[in-house]
Each structure stands twice: as C-alpha cells, then as structure tokens.
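Secondary and tertiary structure notes
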Amino acid sequence: MSKEPEQEPAAENPEELLDLKITHPKDWAAGIPAVTVAMVDILKETGLVRGMEGLFHMNKKNGFDCSGCAWPDPDDDRSPIAEYCENGAKALAEEATTKKLTGEFFAENSVADLAKLNDYEIGKKGRIAQPVYLAKGATHYTPVSWDFAFKKIADELNALASPDEAAFYTSGRTSNEASFTYQLFVREFGTNNMPDCSNMCHESTGVGLADTIGIGKGTVTLNDFYDTDVIIIMGQNPGTNHPRMLSALEKAKEKGSKIIAVNPLHEAGLMGFKNPQKVKGFLGIKTQLADLYLQVKINGDMALLKAMEKLLYKAELENPGTVFDHEFIKKNTTGYVAFLDSLNQYEVDDLAKAAGLTVTEIEQAVNLIKNKSRIIICWAMGITQHKNGVAVVKEIVNLVMLKGAIGKPGAGLCPVRGHSNVQGNRTMMIWDKPKPKQLDKLKEVFGFEPPRGHGYDVVESIKAMDEGKLKVFFAMGGNFLSATPDTLFTAQAMRKLRLSVHISTKLNRSHLVHGEEALILPTLSRSDKDIVNGEEQFISCENSMGVVQMSKGMLKPVSEHLMNENQIVCNLAKATFGSRSVINWDKYAQSYDAVRDVIAKVIPGCEDYNQKVRLPGGFYLPNAAREGKFITEKNGSIIPFNIAPLPKHELAADEYHMATIRSHDQFNTTIYGLDDRYRGIHNERRVILMNENDMQKAGFKAREKVDLFNYDDWVERVARLFVVVPYNIPEGNTATYYPEANVLIPINSVAEQSNTPTSKLVTVKIRKHVV
Ligand code: SF4
C-alpha cells in the first residue's frame, strides 16, 4: 500500500471546521430568496449601476451570453425583465467585480500564503489586472509586460524536443472565435494535445451518441419541451446547475407534460418551482415538477432502464403495436431481436433491486410512457461520470428507439451541458481526437500539414506530466487542478512542469500549484466591452441545443491591461512562429470577422457565419438526427441497439459509494458562497451526506467529524476532517462536494471508452476523525 504524496495544495486539509448549520431541505427551488441572494451578491461585488447594467444585457439578443451553464435562451419570447437565473447573476457578480489584483497585491501575498486560503477565499480576491510571472524559485508573482509573457512562452515552446511535450487545455468559457484560432495555433505548432473540460463531463455523451445516432450532441430544441408528453430527467440537478431549465419545465407542465425525475438525492429543483417572474411564484405558490420521483441508487440507472425496457416489452406483447414503434425500429435500427433476447436474462425484481427501487415504482414510470412517443430524456453528470457512462447513454438511446422518440417534434435526447460554450469549443475543433476529415480541411484552407495522431485528453495529460513527458502546460481558462481527479497526484504532476501558463480572469488554485515557472495572463470576461482598433467586437457561442449566437459585452473592463483570448492566441502564435508561419496572425488578431470568415470555410454548418451569427437569436447548427436522419461512421444510416451488461457493485461492510456534487453556491470550480440552501446545509462545505441507517450501523452521530479514505490501486487517498450530515440518500450511498473530495477520485478510475473520471462513483471508507 502506498500513500499519496505528502506535499499538497494547502488549505485542502484544514485543521478546523466552520460553524455548520443544518436546516430542513427544500422541496422547491428559486422563489424570492433566489432574487434576494442574487441581488446581494451583485451589490457587494459590482455596485448597483454596473450590476444592473450587466444584468439587463445578460442573455438578451443584443447582449452577452451568461458565462454560466449552456442552457439555451428562448428563440423568440425572451423576458423583458430578466433572462437569467440566480446563478447567472452570481456569475456576473464574480466576473464584473470591481476588486482587482494589481502588482501591490502580488507583492504583499506570496504564493505559499495564497495557497493557504480555500477556493472560496481565493476566488473572492478580485480580477487579475495585468500579466504576472513567477520566476524559477521565486516566492511571489511579479507584474510583467505582454511582450515578456509572449516571448517567455514562445522560447519555452520552441525549445521543446517535440511539440508533443506541450499540452493546451480549454475550459468551456472560451468563445468560438478564440477556440478556432487556438486550435489553429496548436495544430500549426504540431500537436493534438488539446485536453478540454468536456473530457471530464459529457465526453461519455459524445462517444455514446456519435456511436449510435451519428452526432455527439442532443437532438431537441427548447420548443420541443413545450410540445411533449413526458420528460425524463436523469442524473441532473437543474435547480442548481441549469436553473432557467425550471422555467421550461414549468411551461411544459402547464402544457400537460409529465415529468419523471431519476436521482439518488431528492433535489429541490426537480420537485417544485416558484417562478419569481410570475405572480404565482412571487406569492410563494409552487408548480409541482416531478410527477414521479425515482430515487435510484448511485449508478442504478442501467438497471432502471433495462427494467423499464423489459416491462415495456411485456406491455407490447400484451397489446402488439401499441407500445413499440415498429416502423421506426424497422427503418432505422439493427439488433432489435438480439437486444430483446438480451433482456431475457434478467428478472424485473432483480433489476429493481439493483436500481434501488420497487417494481411498483418502475411500473409507474412505464405506465407514464408506454402509450406515448413524444418523450424527451435529459441527463448530465449523474449519467456520464461512471465507468459505464457511455453504455448508459447508449441504453438511453435504446429506450428512445423502442419508442421511436427521436427525430420528431416533442421527442429526443437532451444532454444538458454545464459550461456556456463547452459544446462550441468542440464544434470549433478543440479536441484531442480530431477526425481526418477535419484535419484535411484545415490543410486545404491554410496550407500546412496538421498532426494526425491523437493527443492527450485530461487524464492522459496528467499522467504525461507525472511521467515527465509534458514540459509546458497552457490553459485557456478554467481551474485545472480543482476540476481534475486525484488532487494530490495531479498537484504533484503539475509541479513537474517546466512552465505552466493560465489565461484567466480571476485567481484560482491552479495558479498556486505550478511548474518551475508560471505565468497568469489576464483576459476579458464575457460582460467586458471588447474594443480592438477602436471598434467594438463581439464573439459567438453555441448552447446545449446547437444554437450559435453573438455575445457582446458592454461593461468597462477593470484594467486597461486585459487582452481578449483571441488576441492572446494570435500574439502568441506570432511570437512562437515568427516568419515561419503560413498564417496571417495579424489579420485574425485585428478582426473577429476575419476569424469568422475562416470558420465559415472550415467548420460544417458555419457557412456564411458572419451573416448568420448577426441574426437576432443566432442560428441552429445542422443536426441530422434531429430531423430523423442518422448518419453514423460505423453503421451508415442505421442505429445499432447496444447490449451492455449490468454493472457489478460489491461493497465491504465498511465501504460506501460516494458521488461528488455541487452546492447551490457553486458553479463548476467557482465557489460563490458557503451555503447549499436547497439541501439545508449552511456555512460549511466539508460535509458528507449519509443515510441515517448507515450512520447508525457505523456508530456515527449527526455532525460526527470523520476522515474519508479510498484504496483503489493499492494507494491510500485521504480527505481529512469532514462532518457527517444525515440525509435522504439511499443506503450504501454518500455524497460530498467537489473540489474538496476530488482528492479521493483515483486517476485510473475512468469511464470505458470516454476516459471521463468517475466522479459520481468512488468507493470510500469513513472513519472517525483522528486529530
Ligand atoms: S440557466 Fe445557466 S446560462 Fe442561464 S442564466 Fe442561469 S447559469 Fe446562466
């Protein structure tokens, strides 16, 4: 048994807990408290005038895209009052804050001192106001010029033995324009080492859907929600992670749709919604959302789906032609008979037990869908971040195929993305596994030979850092260390780098756990006015439903030394290549229209990009599956039924499954506050939610201080000092917040095929805290 390295990213092993308060979990989301909390944050960080100006323009057709989640804006009827949610307002408060970090701040605060703060405290420091550099052996970042920064990076890149000794990470905030020039720079440099945040979230969706329906994206539009019979929401918590989805669900309910929620936790935002923009919601009257709540065990989804399919088959046999869509199955699928045969090996009782449900509950779900074909299935990380994440996505496809619930109005697949342009990044070729066709196009348009081999994804990048194969790590946004698994292993790997570079708006932990040398390059945020050569620019983003639209910030940036991401890339490319580049980087640095013109030539569906993106509300990218045409690489126009096994989960008496989750005061790795008010947890994040029976068996009281352990791969991983909170969660299951519990997620525990870390299922032991 080995131990994780001792040296660690400070603050993640506190000696004291805060003063935890526990209240009763809520059975509804939003309402007046959402408005109040959002406004308090805005007033505190931006002041009234700046904050209200930002909020007024957020998600409006002539405004800027919220940098939060990727939930779509309505095509037409956008609210004249507020087209944002509490978390959108919090995201604005974070980025539009007037606090800024100047040279004095970095002179006064050493890296070691900053590392002692927790992620919440680090994030609240303010916007980074100029490029800063950490020299080898130095204790403090110091301000430098942009020219110095570009030369430093260029020199390091040019000194590498191979372009594959560098990796270029992207987080989901990056615009389409900057994503395109970024991947162009990286590929002209000569590598496909382009890990991105998709690798850690919806990669299982991309793989599962591309293999089946031929496109790694969802198939529904927002309007489908208003014209459907049943919406099934699996492994997703819209109240916190995609709050405006609640308005869509409310409207769907008003139009007669039923909702089935599938989640190990009873999430407030799946149960009820008090819409603060409606009189009813304002008066505190909630709309009931879920008609049926299936509280599955963690990773019980495969068993649930198979049980539903088996019961649907039984109903079809009883009333042939009334349950399955035989026309759809015959025309579009293969493997139907073998798939039904594969269900024979299971008994519904056993499947229900494996799912953690009763047969009656599953029958209720089947009754809601058996005579309907307008069904939408939504999902998020609760499905994808498992060993069998890809297989469960394919099982969801199996279910919609049986029902013919895809490729027509009111029906289809809806993976909900967690970061505003994560889908657009991939459309713009931010990918470690680009297709030969895409690379051919780059070659045709730009005249250089792009690298052809696959690059490193996130997990592979961390391992390559650890093995000394990566020398330079360049991050376009994000907080890599806090987003990734196995925190201590990853921190140790990052410390082996020669140079780490982050393009960022605010300080985060990844700046404090660095390579031998480090740079932070400050950039504009979405709400900032972006002026190049005296002209106001706009960028473009793609939402979860494949709509691309413009985004134009209008707030005065906090510093004159910020540079937009596209210009950073183009200037870096000039510094790196000098005269050896075949690309006119000056042209792309000076004009986003010029970038969009080449996007139009390279990216399918983006023809006339400059015109289409200027249309109010933007334009839909082509999506053949949405129209009922399935064009797959492996199977032509036919979708194969996928036969996957049930996962085997065996736990020793002192072991539990743990899922990492977000609190309501959090967006990805950004911690807005210390409360999770829907779950009734206040003023502390180092909590572990446990079933009361499990607590009793283990001899734990409420508020017991405990340490958490994982022993995968014969390595002891420890997360010290958590506090037990009794919670309505299935026996054997627990939940903790990330990034605090990421230290327990083994680097080798990944989803098959997608290599996504299994952040929703880790085996842990829980012991009383030892001082
Ligand atoms: S739902 Fe998502 S995109 Fe919309 S305002 Fe909220 S966080 Fe921003």
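Bear in mind the structure is a predicted one, so any value in this text is a computation, not a measurement.

1. What to know about the overall build of the protein
If you tally the helices and strands in the protein, you get 30 helices and 34 strands. Structurally, the protein occupies a C-alpha span of about 75 × 65 × 55 Å along its principal axes. For the protein, the proportion of its 771 residues judged to be buried stands at 65%. The long-range fraction of contacts in the protein, counting pairs at least 24 apart against all pairs at least 6 apart in sequence, stands at 79%. Of the roughly 27500 Å² of accessible surface on the protein, 52% is carried by carbon and sulfur atoms. Taken as two groups, the 90 positive and 97 negative side-chain charges of the protein have centres that lie 2 Å from each other.

2. Side note on the site of the ligand
Every residue near the ligand is listed here: Asn-59, Cys-66, Cys-69, Tyr-84, Cys-85, Gly-88, Pro-243 and Arg-244. Across the shell around the ligand, the residue classes break down as five nonpolar, two polar and one charged.

3. Observations regarding the pairing of strand S15 (residues 375-379)
Counted residue by residue, S15 has five buried out of five residues, so it is predominantly covered. Across the two faces of S15 the burial is the same, with Ile-375, Ile-377 and Trp-379 and Ile-376 and Cys-378 all buried. Taken together, the five bridges between strand S9 (residues 230-234) and S15 define a ladder with parallel strand orientation. Within S15, the residue paired with Ile-232 across the bridge is Ile-377. Pairing of S15 with strand S16 (residues 412-415), which is carried by four bridges, proceeds in the parallel orientation.

4. Details of the layout of surface pockets
To locate leftover empty space, one rolls a probe as large as a water molecule over the atoms. Its volume calculated, the second largest pocket comes out at about 910 Å³. Lining the second largest pocket are 40 residues; nearest its centre among them are Ala-82, Tyr-84, Ser-247, Asn-275 and Gln-277. Mapped onto the lining of the second largest pocket, the elements with two or more residues apiece are helix H1 (32-46), helix H2 (48-57) and helix H11 (245-254). Top contributing element to the lining of the second largest pocket by residue count: H11, with six residues.

5. A look at the side chain of Thr-174
Secondary-structure assignment places Thr-174 in the loop between strand S8 (166-170) and helix H8 (176-189). Given a relative accessible area of 1%, Thr-174 falls into the buried group. Polar contacts involving the side chain of Thr-174 include one to the main-chain carbonyl oxygen of Ser-171, which spans 3.4 Å. In this structure Thr-174 touches Ser-179, Asn-421, Asn-425, Met-476 and Glu-565, once residues within four positions along its chain are discounted.

6. What about the state of the cysteines?
The final tally for this structure, using the stated rule, is zero disulfides. A disulfide-free cysteine, Cys-201 has its sulfur positioned 5.4 Å from the sulfur of Cys-197, the nearest such atom. Looking at the unpaired Cys-570, the closest cysteine sulfur is the one in Cys-541, lying at 17 Å. The exposure class assigned to Cys-570 is buried, which follows from its relative accessible area of 0%.

7. A word on the sheet that holds strand S11 (residues 272-274)
Spatially, three strands are ordered S3-S11-S12 in an open sheet, and the strand pairing comes out mixed. Among the strands making up the open sheet, the edge pair consists of strand S3 (29-30) and strand S12 (287-288). Where S11 meets S12, two bridges bridge the pair, whose relative direction is antiparallel. The partner of Phe-273 across the bridge, within S12, is Thr-287.

8. A word on empty space enclosed by the protein
Counted by the stated rule, this structure contains six cavities of 30 Å³ or more. Of the voids in this model, the second largest cavity is the one considered here, and its volume is about 220 Å³. The wall of the second largest cavity is formed by 20 residues, among which Leu-524, Ser-525, Asp-530, Ile-539 and Asn-564 lie closest to the centre.

9. Digging into the packing of helix H23 (residues 458-466) against helix H25 (residues 487-494)
In a pair of packed helices, the angle between the axes and the distance between the axes together describe the arrangement. Across the interface, H23 lies against H25 with an axial gap of 7 Å and an inter-helix angle of 55°. It follows from the interaxial angle that H23 and H25 lie oblique. Crossing geometry of H23 relative to H25 is assigned as left-handed. From H23, Ile-462, Met-465 and Asp-466 reach across to H25, where they touch Phe-489, Thr-490, Gln-492, Ala-493 and Met-494. Residues belonging to the contact of H23 with H25 are distributed by class as follows: five nonpolar, two polar and one charged.

10. Some details on a nonpolar patch on the surface
The grouping of Ile-32, Val-35, Val-279, Phe-282, Leu-283 and Ile-285 at the surface amounts to a nonpolar patch, some 590 Å² of accessible area in total. Taken together, the elements giving at least two residues each to the nonpolar patch come down to H1 and helix H13 (279-282). Relative to the assigned elements, Val-35 resides in helix H1.

11. Quick look at the side chain of Asp-665
Among the secondary structure elements, Asp-665 is positioned in the loop between strand S26 (655-661) and strand S27 (666-667). Classification of Asp-665 by relative accessible area gives buried; the value is 10%. Only 2.8 Å separates the side chain of Asp-665 from the side chain of Lys-90, close enough to count as a polar contact. Looking at Asp-665, its side chain comes within polar contact range of the main-chain nitrogen of Asp-675, at 3.1 Å. Filtering out sequence-adjacent residues up to four positions away, Asp-665 remains in contact with Lys-90, Thr-670, Ile-671, Tyr-672, Gly-673, Leu-674 and Asp-675.

12. As for the pattern of salt bridges
Summed over all chains, the structure comprises 54 salt bridges. For Glu-395, the salt bridge is made with Lys-306, and the minimal N-O distance between the two is 3.6 Å. Taken together, the residues span a long stretch of sequence, with Glu-395 in helix H20 (residues 389-403) and Lys-306 in helix H14 (residues 301-318) at a distance of 89 residues. Each member of the pair, Glu-395 as well as Lys-306, is classed as buried. The partner of Glu-627 in a salt bridge is Lys-629, and the shortest N-O contact between them spans 3.4 Å. The exposure class of Lys-629 is partly exposed, given its relative accessible area of 48%.

The rules we used
- Residues numbered from 1 in each chain as written.
- Predicted model: local features only at pLDDT ≥ 70, side-chain atom pairs only at ≥ 80, totals over all residues.
- Heavy atoms only, no water.
- Helix = DSSP H or I, 4+ residues; strand = E, 2+ residues; numbered from the N terminus.
- Buried < 20%, exposed > 50% of the residue type's maximum accessible area, 1.4 Å probe, protein only.
- Contact = heavy atoms within 4.5 Å.
- Areas by Shrake-Rupley, 256 points an atom, 1.4 Å probe, with all protein chains shown as cover.
- Lys, Arg positive; Asp, Glu negative; His and termini not counted.
- Charge placed at Lys NZ, Arg CZ, Asp CG, Glu CD.
- Near = heavy atom within 4 Å.
- Nonpolar A, V, L, I, M, F, W, Y, C, P; charged D, E, K, R; others polar.
- Pairing = 2+ DSSP bridges.
- 1 Å grid on protein atoms, 1.4 Å probe; cavity = no way out; pocket = protein on both sides within 12 Å on 5 of 7 lines; lining within 4 Å.
- Points joined across faces, edges and corners; volume = space filled by probe spheres on them.
- Polar contact = N/O pair within 3.5 Å; in protein donor to acceptor, adjacent residues only side chain to side chain.
- Disulfide = S-S within 2.5 Å.
- Axes fitted to C-alpha atoms, helices over the stretch in contact; angles between N-to-C directions.
- Parallel < 35°, antiparallel > 145°, perpendicular 65-115°, else oblique.
- Left-handed = near helix turned anticlockwise from the far one by under 90°.
- Patch = residues over 30% accessible without salt bridge, like charges linked within 9 Å, V, L, I, M, F, W, Y side chains within 5 Å.
- Salt bridge = Lys/Arg side-chain N within 4 Å of Asp/Glu carboxyl O.

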